[in-house]
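For reference, the chains in residue letters:
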Amino acid sequence: MMSDTLLLVTILGMAAATAVPRVLPALLPAGWRPGRRLQAFLDAVPFAALGALIVPGVFQIEGGATAGLAVAAAAAAAAFARAPLAITVVIGIAVAWAMAGGIGGS
């Protein structure tokens, strides 16, 4: 169970992380453009955030890390084959289900 202080700090941190990117553009001079390196960093942020959300789940899936890696590999293969997003998700779910035992599994 999380302490009240830790919960408050967590909520305030999430609020700041949400508010800063929304407010910052309004505080910058009109016509300002980021440099090449800053733009490259900003372009990488969504992928880093997505990875931070997905990677822990790969190792916490029912069936252990092997099942998680199988699911991630199947979804990655579908994505690299340029399957539509919905198909990629369905493939990941199907592999997770199969690794968990499918019909009659635990």
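Conventions we followed
Residues numbered from 1 in each chain as written. Predicted model: local features only at pLDDT ≥ 70, side-chain atom pairs only at ≥ 80, totals over all residues. Heavy atoms only, no water. Helix = DSSP H or I, 4+ residues; strand = E, 2+ residues; numbered from the N terminus. Rg over C-alpha atoms; globule rule 2.2 N^0.38 Å. Buried < 20%, exposed > 50% of the residue type's maximum accessible area, 1.4 Å probe, protein only. Areas by Shrake-Rupley, 256 points an atom, 1.4 Å probe, with all protein chains shown as cover. Expected span 1.5 Å × (residues − 1). Bend = angle between axes of the 7 residues up to and from the residue. Contact = heavy atoms within 4.5 Å. pLDDT = per-residue confidence, 0-100.

(A) Quick look at the overall build of the protein chain. Within the protein chain, the secondary structure is distributed over four helices and zero strands. Secondary structure of the protein chain in N-to-C order comes out as α-α-α-α. For 106 residues, the compact-globule estimate of 2.2 N^0.38 gives 13 Å, and the protein chain exceeds it by more than 25% at 20 Å. The principal-axis extents of the C-alpha atoms in the protein chain amount to approximately 60 × 45 × 20 Å. Buried residues in the protein chain amount to 8% of all 106 residues. Of the accessible surface of the protein chain, which amounts to about 8400 Å², a share of 74% is contributed by carbon and sulfur atoms.

(B) View of helix H2 (residues 36-60). Taking 1.5 Å of rise per residue, 25 residues should cover 36 Å, and H2 covers 37 Å from first to last C-alpha, within 8% of that figure. Bending of H2 peaks at approximately 35° at the position of valine 45, with proline proline 46 no more than four residues after it.

(C) Local environment of the side chain of threonine 88. With respect to the helices, strands and loops of the structure, threonine 88 is situated in helix H4 (residues 85-99). Excluding residues within four positions of it along the chain, threonine 88 makes contact with Ala75, Ala78, Ala79 and Ala83.

(D) Examining the confidence of the model for the protein chain more closely. Summary statistics for the protein chain give a mean pLDDT of 86 and a share of 94% for residues scoring 70 or more. Mean pLDDT values over the elements of the protein chain span from 87, in H2, up to 90, in H4.

(E) The arrangement of the environment of tryptophan 97 in detail. Structurally, the position occupied by tryptophan 97 is in helix H4. A residue is classified by how much of its surface remains accessible, and tryptophan 97, at 49% relative accessible area, is partly exposed.

(F) How the structure looks around the environment of methionine 99. Locating methionine 99 in the fold gives a position in helix H4. Using a relative accessible area of 39% as the deciding quantity, one classes methionine 99 as partly exposed. Once the C-alpha coordinates of methionine 99 and glycine 31 are considered, the two residues, 68 residues apart in sequence, prove to be 52 Å apart. Leave out the neighbours within four places in its chain, and methionine 99 touches Thr66, Ala67 and Ala70.

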